[in-house]
Amino acid sequence: MDDGKNITAKWYAVYVKSRFEKKSAWLLERDGVEVYLPLIKRIKQWSDRRKEVEEPLFKSYVFVHTDLRNYYEILNSPGVVKFICFEGKPVDMPDNQIVAIKEYVGQVEHEGEVAVPSDFHEGQLVTIKYGSMKGLQGHLTEILGNHYVVVDIEIVGNSLPMKISKSMIEAVSD
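Residues numbered from 1 in each chain as written. Predicted model: local features only at pLDDT ≥ 70, side-chain atom pairs only at ≥ 80, totals over all residues. Heavy atoms only, no water.

S.K.: Sorry if this is basic, but what is going on with the overall build of the chain here?
M.R.: Summing up its helical and strand segments, the chain has three helices and 14 strands in all. Here the chain holds 174 residues, and 41% of them are scored as buried. Nonlocal contacts in the chain, meaning residues at least 24 apart in sequence, comprise 60% of its contacts between residues at least 6 apart. As displayed, the chain has an accessible area near 9,900 Å², and 48% of this comes from carbon and sulfur atoms. (Helix = DSSP H or I, 4+ residues; strand = E, 2+ residues; numbered from the N terminus. Buried < 20%, exposed > 50% of the residue type's maximum accessible area, 1.4 Å probe, protein only. Contact = heavy atoms within 4.5 Å. Areas by Shrake-Rupley, 256 points an atom, 1.4 Å probe, with all protein chains shown as cover.)

In structure tokens:
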């Protein structure tokens, strides 16, 4: 779809069917769309085994780099539900947000998990204190054991849930 001569291409968040992120990204790439699907390695525990799996950082979201000439082709790709829009128009993401997400994913891969006891609570406003996303704020929406929390970060006019290590956030004082 993308001819490579595209100088006005921008990043867009595309909402896809639940648990279809990898397949949607693969199908879009196969059709020539530049796609970014941030994946995080996690250890999953079943009753009989443990396994390392790669999961999307943002559930049900894939990022595409396009100039929207391919809007309908992307929208009609299997698994794609919609572009993230504001007032009916797809909202582009600044390149630095994609770069920050890529750096964050790289940092998580190198640092791994560290147990961090905390007194965080759901609904609390927090700030990311380390890495390329330093300074971004969001609301803590879920506590995932000793290692991670889910923080809703405002991106392209929408709140996107981000799983992040507790060690990378701090509470915002009133």
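Back to the text.
S.K.: Is there a simple way to explain the side chain of Ser60 in this structure?
M.R.: Following the sequence through the fold, Ser60 ends up in the loop between β4 (50-56) and β5 (61-66). Sequence-distant contacts of Ser60, defined by excluding residues within four places in its chain, comprise Val14, Tyr15, Val16, Lys17, Ser18 and Glu21.

S.K.: Can you walk me through helix α1 (residues 21-30) in this structure?
M.R.: Every α-helix winds through 3.6 residues per turn, so residues three or four apart in the chain are directed the same way. When we look at burial in α1, the residues that qualify are Glu21, Ser24, Ala25, Leu27 and Leu28. All buried residues of α1 fall inside an arc of 165° around its axis, so they share one side. The inward-facing, buried residues of α1 abut β1 (10-16), β2 (34-36), β4, β5, α2 (71-75) and β6 (80-83). Note on α1: the residue one or two positions beyond its end, Gly32, has a positive phi of about 90°. (Arc of directions from axis to C-beta.)

S.K.: Please explain the pairing of β5 as it appears in this structure.
M.R.: Put simply, side chains in a regular strand alternate between the two faces of the sheet. In terms of burial, β5 is largely enclosed, as six of its six residues are buried. Side-chain alternation along β5 places Tyr61, Phe63 and His65 on one buried face and Val62, Val64 and Thr66 on a second face that is also buried. Taken together, the six bridges between β1 and β5 define a ladder with antiparallel strand orientation. Looking at the pairing, Ala13 lines up with Phe63 of β5. (Pairing = 2+ DSSP bridges.)

S.K.: How should the packing of aromatic side chains be read in this particular structure?
M.R.: Within a pair of aromatic rings, the relevant descriptors are the distance that separates the centres and the angle that separates the planes. All told, the structure shown has five aromatic pairs when counted by the stated rule. Judged by centre distance (5.7 Å) and plane angle (85°), the ring pair of Phe58 and Phe63 falls under edge-to-face. For Phe58, a relative accessible area of 1% translates into the label buried. With relative accessibility at 0%, the residue Phe63 sits in the buried group. For the ring pair Tyr71 and Tyr72, a centre distance of 4.9 Å and an interplane angle of 90° mean the geometry is edge-to-face. Among the aromatic residues, those joined into a ring-pair cluster are Tyr12, Tyr71, Tyr72 and Phe83. Over the ring of Tyr36 we find Lys102; its NZ or CZ atom is 5.0 Å from the centre of that ring. Between Lys163 and the ring centre of Tyr148, over which it is positioned, the NZ or CZ distance is 5.0 Å. (Phe/Tyr/Trp six-rings, centres within 6.5 Å; stacked < 30°, edge-to-face > 60°. Lys NZ or Arg CZ within 6 Å of the ring centre and 35° of its normal.)

S.K.: Any chance you could explain the environment of Lys82 here in plain terms?
M.R.: Topologically, Lys82 is positioned in strand β6. Accessibility expressed as a relative area gives 44% for Lys82, which makes it partly exposed. On a C-alpha basis, the gap between Lys82 and Tyr71 in space is 9.9 Å, while along the polypeptide they are eleven residues apart.

S.K.: Can you help me understand the environment of Lys22 in this one?
M.R.: Looking at where Lys22 falls in the secondary structure, it is placed in helix α1. The class of Lys22 is partly exposed, set by a relative accessible area of 41%. Taking the C-alpha atoms as reference points, Lys22 and Pro56, separated by 34 residues in sequence, lie 8.1 Å from one another. Apart from residues no more than four positions distant in its own chain, Lys22 is found in contact with Leu37, Leu39 and Glu54. Polar side-chain contacts of Lys22 include one of 2.8 Å to the backbone oxygen of Glu54. (Polar contact = N/O pair within 3.5 Å; in protein donor to acceptor, adjacent residues only side chain to side chain.)

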